[in-house]
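Next come the chains, spelled out residue by residue.
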Amino acid sequence: MRFVVITGPSGAGKTLALHSFEDAGFDALDNLPPRLLPAWIAHCRQNGQERGAVVIDPRSGPAFADLPAVLQELRRADTPVETLFLDASDDTLIQRYKETRRPHPHIGLPVEGVNDRSVLDAIQAEREQLNPMRALADRILDTSALSALQFRNALHTDYAPDTQPEMQALITSFGFKHGLPLDADLVFDVRFLANPHYVPELKRRNGLDGPVRAYVHADPMTQPFQAKMHDLITFAMPQYQREGKAYLNIAIGCTGGKHRSVVLSEDLAALLRAQGYRVGIRHRDVALDQAPVAPESFADAAERESVPPNANRTESVLPDGTPAQSALPDANRAETDGVR
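Since the model is a prediction, treat every value here as computed from it, not as a measurement.

Conventions and cut-offs
The residue numbers shown here count from 1 along each chain, following its written sequence. Only residues with pLDDT of 70 or above have their local features reported here, since the model is predicted, and side-chain atom pairs are shown and tallied only from 80 upward, although totals for entire chains, interfaces and linings are computed over all residues. Side-chain metrics rest on all non-hydrogen atoms present in the structure, leaving aside hydrogens and water. We treat two strands as partners when DSSP finds at least two bridges between them. Strands are runs of DSSP state E lasting at least two residues, helices are runs of H or I lasting at least four, and both sets are numbered from the N terminus onward. In this analysis, axes come from line fits to C-alpha atoms, helices being fitted only over the stretch in contact, and the angle between any two N-to-C directions falls in the range 0 to 180 degrees. A contact between two residues is defined here by any heavy atoms of the two lying within 4.5 Å. A 1.4 Å probe rolled over the protein chains alone gives each residue an accessible area, and that area as a share of the maximum for its type sets the label: buried under 20%, exposed over 50%, partly exposed in between. Think of a polar contact as two N or O atoms within 3.5 Å of one another; within protein, one of them needs to be a possible hydrogen donor and the other a possible acceptor, and neighboring residues in sequence only count if both atoms come from side chains. Here, expected helix span is obtained from the residue count minus one, scaled by 1.5 Å. In what follows, salt bridge is the name for a side-chain nitrogen of Lys or Arg lying within 4 Å of a carboxyl oxygen of Asp or Glu. In this analysis, rings of Phe, Tyr and Trp, with Trp reduced to its six-membered ring, are considered paired at centre separations within 6.5 Å, and the interplanar angle assigns stacked below 30 degrees, edge-to-face beyond 60, and tilted for intermediate values. Criterion for a charge above a ring: Arg CZ or Lys NZ at most 6 Å from the ring centre, at most 35 degrees from the ring normal.

Draft legend 1. Spatial organisation of the sheet that holds strand β7 (residues 186-189). Strand order in this open sheet of four strands is β7-β8-β6-β9, and the pairing throughout is parallel. Two strands in the sheet have a free side with no partner beyond their single neighbour: β7 and β9 (278-283). In this sheet, neighbouring strand axes are inclined to one another by 20° on average, regardless of whether the strands run parallel or antiparallel. Relative to strand β8 (residues 247-254), β7 runs parallel, the two sharing four bridges. Among the inter-strand pairings, Leu186 is bridged to a residue of β8, identified as Ile250. Against the sheet, helix α9 (residues 222-242) makes contact with β6 (168-175), β7 and β8, and its axis sits at roughly 180° relative to β7, the strand it touches most.

In structure tokens:
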């Protein structure tokens, strides 16, 4: 059981801290009036939540002065409550307010009838209200020199070491004819590989079927491409994770999203899982284009039967005797003449 009260000056990182606690599985609440703290803890316990984090700060107004007394009452009742005081230098707080362009919550409070405080005036006034809590804090964390990633890691290490955030990879197979996935971070185009769509016995299957997988893997270009793609991704994954990226969306596309992209997506997912990464996979377009194929005309069938099986191009003669070029046959046919 662990409950943490987060307080400190505005701009010191309380919102980011609360989000980090929430990501770690804590029940999280912002801007709670101090006198409601015991009721909130009781509510968490009744709902089986043994960990909670709450921000209580001078936004509560005059009621904030009650916080030290409330904490003492809870400790006398053997309720495990810790106080985390987040702080930062005045220069850092001023710079953060310049970057966010949000007004300081004390900027509009009058001083001796004058309502024209500067940001520095507001920061110093807020510090005066916070001094009693700073003296009582179980831990004081100065965030002035911390990046967001360093700050989150420090909180997870001290308060939830069992829930260090890990990046999750989501692998999406798709068809370029249906559009790029909007959330893709990395996109790989595998349309240059042999297309099972033009093999009649494979056309209605997808990349989850053994015969389709064998066909794609038999292409002499598949293994070299996969080796290069896997090398790039396994190099980049730790770098993204080091920068605190929560999700990495990898998209692999072929023409229709049913065959080649599915095979390579499954292979990549297996590789990353074997390396210990959390991996999700979705085949966005695998169920599309399932309508029955229209029967070919007698002329189409006659032309197809007249094409030698290993020819790249054949010549036919039009009724007026003029030579004409026929399209590439079956698996070698250009990828511009049908649904795949």
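There's plenty left to go through after this.
Draft legend 2. View of the side chain of Lys258. Within the secondary structure layout, Lys258 lies in the loop between β8 and α10 (260-274). Note on Lys258: relative accessible area 3%, which makes it buried. Reaching out from Lys258, the side chain makes a polar contact with the backbone oxygen of Lys203 at a distance of 3.5 Å.

Draft legend 3. Geometry of α10. With 15 residues, α10 extends 22 Å between its outermost C-alpha atoms, agreeing within 8% with the 21 Å of an ideal straight helix rising 1.5 Å per residue. Those residues of α10 hidden inside the fold are in contact with β6, α8 (210-218), α9, β8 and β9. Phi turns positive, to about 95°, at Gly276, one or two residues after α10.

Draft legend 4. Seen up close, the side chain of Thr7. Within the fold, Thr7 resides in strand β1 (residues 2-7). From its side chain, Thr7 meets the backbone oxygen of Ile56 in a polar contact 2.8 Å long. Look past the residues within four positions of Thr7 in its chain and what remains in contact with it is Lys14, Ile56, Asp57, Phe64, Thr83, Leu84, Phe85, Leu86, Leu130 and Met133.

Draft legend 5. Geometry of the environment of Phe21. Inspection of the secondary structure assignment puts Phe21 in helix α1 (residues 14-23). Look past the residues within four positions of Phe21 in its chain and what remains in contact with it is Val4, Ile6, Phe26, Ala53, Leu84, Leu155 and Tyr159.

Draft legend 6. Molecular detail of the pattern of salt bridges. By the definition in use, this model includes 16 salt bridges. The salt bridge partner of Asp30 is Arg59, with a shortest N-O separation of 2.7 Å. Here Arg59 lies in the loop between β3 (51-55) and α3 (67-76) and Asp30 lies in the loop between β2 (27-29) and α2 (37-46), a separation of 29 residues in the sequence. For Asp267, the salt bridge goes to Arg213, with nearest N and O atoms at 2.6 Å. Taken together, the residues Asp267 in helix α10 and Arg213 in helix α8 connect sequence positions 54 residues apart. Three or more residues are tied together by salt bridges with common partners; here these are Lys14, Asp30, Asp57 and Arg59.

Draft legend 7. Just the packing of aromatic side chains, in detail. Taken as a whole and judged by the stated rule, the model has five aromatic pairs. Between Phe21 and Tyr159, the aromatic rings sit 5.3 Å apart at their centres with planes inclined by 65°, giving edge-to-face as the arrangement. Residue Phe21 is located in helix α1, and its partner Tyr159 is located in helix α6 (residues 148-159); the two are separated by 138 residues in the primary sequence. Looking at Phe21, the relative accessible area reads 2%, which means it is buried. Relative to Phe225, the ring of Phe192 has its centre 5.2 Å away and its plane inclined at 75°; by these criteria the two rings are edge-to-face. Of this pair, Phe192 sits in the loop between β7 and α7 (200-203) while Phe225 sits in helix α9, and the two are 33 residues apart along the sequence. The exposure class assigned to Phe192 is partly exposed, which follows from its relative accessible area of 46%. The exposure class assigned to Phe225 is buried, which follows from its relative accessible area of 18%. Taken together through their ring pairs, the aromatic side chains of Phe21, Phe26 and Tyr159 make up a single cluster. Over the face of the ring belonging to Phe176 we find Arg191, whose NZ or CZ atom lies 3.8 Å from the ring centre.

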